[in-house]
Amino acid sequence: MKRIKQFSQIFLALTFLTSCRTLINNENPIINSEENIIQNNNSKKERMEIKFSCGEDGISKYLDDGWIILKQDSQEKICTWKSLPSTKDCDMEKDKGCKITKPDKIGEEKIYLLEKKL
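Conventions we followed
Residues numbered from 1 in each chain as written. Predicted model: local features only at pLDDT ≥ 70, side-chain atom pairs only at ≥ 80, totals over all residues. Heavy atoms only, no water. Core = buried A, V, L, I, M, F, W, Y, C linked by side-chain atoms within 4.5 Å. Buried < 20%, exposed > 50% of the residue type's maximum accessible area, 1.4 Å probe, protein only. Helix = DSSP H or I, 4+ residues; strand = E, 2+ residues; numbered from the N terminus. Contact = heavy atoms within 4.5 Å. Polar contact = N/O pair within 3.5 Å; in protein donor to acceptor, adjacent residues only side chain to side chain. Pairing = 2+ DSSP bridges. Axes fitted to C-alpha atoms, helices over the stretch in contact; angles between N-to-C directions. Disulfide = S-S within 2.5 Å. Phe/Tyr/Trp six-rings, centres within 6.5 Å; stacked < 30°, edge-to-face > 60°.

A.B. asks: Quick rundown of the nonpolar core? Include the residues and the values.
C.D. replies: Ranked by size, the top nonpolar core spans six residues in total: I50, F52, I59, W67, Y112 and L114. Elements represented by at least two residues in this core include exactly β1 (45–53) and β3 (99–117). If near-sequence neighbours (up to four positions away) are discounted, I50 is found in contact with Y62, K110, I111, Y112 and L114.

Right, here's the structure in full:
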């Protein structure tokens, strides 16, 4: 009975020791292969997201620098706000609680995703 108990303890210890073995990576990289060259060229790119709102447009500056537009999106945006009195008797200077703020001018926000090869 003692031998079975000792054998099971030794077996358990060996199992723990062999499971902690280090992994060896046997892959040898191929130098100057076409795939490696293509991957290296693709990894040397820089991406940037730029937003222009309410009539601003400075994208031509980036295009002249060699940036390429990957994606372009636009959405509606409020450019300016105006304050109005909520009632005729409201004095907005004295009573701030009766002031209502509403959108004044609504414009467009353009979002560009740019990429440049380094």
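Past the structure itself, the notes keep going.
A.B. asks: An account of the environment of S74 is needed here, citing residue identities and associated values.
C.D. replies: As for its placement among the helices and strands, S74 is situated in strand β2 (residues 68–85). Classification of S74 by relative accessible area gives partly exposed; the value is 39%. Expressed as a C-alpha distance, the spacing of S74 and K110, which sit 36 residues apart in the sequence, is 4.4 Å. Excluding residues that lie within four positions of it along the chain, S74 makes contacts with E108, E109 and K110. Polar contacts involving the side chain of S74 include one to the side chain of E108, which spans 3.2 Å.

A.B. asks: Please set out the sheet that holds β3 residue by residue, giving values where relevant.
C.D. replies: Sheet architecture is open: three strands sit in the order β1-β3-β2, paired in antiparallel fashion. Single-partner strands in this sheet number two, and they are β1 and β2. The sheet shows a mean angle of 20° between the axes of neighbouring strands, direction not considered.

A.B. asks: Before we move on, can you summarise the state of the cysteines with the specific residues and values?
C.D. replies: Counting across every chain of the model gives two disulfides. Sulfur-sulfur distance for the disulfide between C54 and C79 comes to 1.9 Å. Because the torsion about its S-S bond is -105°, the bridge between C54 and C79 counts as left-handed. A residue pair is termed long-range when its members are at least 10 positions apart, and C54 in the loop between β1 and α3 (59–64) and C79 in strand β2 qualify at 25 residues. Along the protein, the cysteines that take part in disulfide bonds pair up as 1-2, 3-4, counted in sequence order.

A.B. asks: Tell me about the packing of aromatic side chains, and name the residues and values.
C.D. replies: Any two aromatic rings considered together are summarised by their centre-to-centre distance and by the angle between their planes. On inspection of all chains with the given rule, the structure shows one aromatic pair. Geometrically, the ring pair formed by F52 and Y112 is edge-to-face, given 6.1 Å between the ring centres and 65° between the ring planes. Of this pair, F52 sits in strand β1 while Y112 sits in strand β3, placing them 60 residues apart in sequence. By the burial criterion, F52 is buried, and Y112 matches it.

A.B. asks: Provide a residue-level description of the side chain of S53, including the pertinent values.
C.D. replies: When you line up the elements, S53 lands in strand β1. Relative accessible area serves as the criterion here: at 15%, S53 is assigned to the buried category. A distance of 3.4 Å separates a polar atom in the side chain of S53 from a polar atom in the side chain of E109. Excluding residues within four positions of it along the chain, S53 makes contact with K77, E108 and E109.

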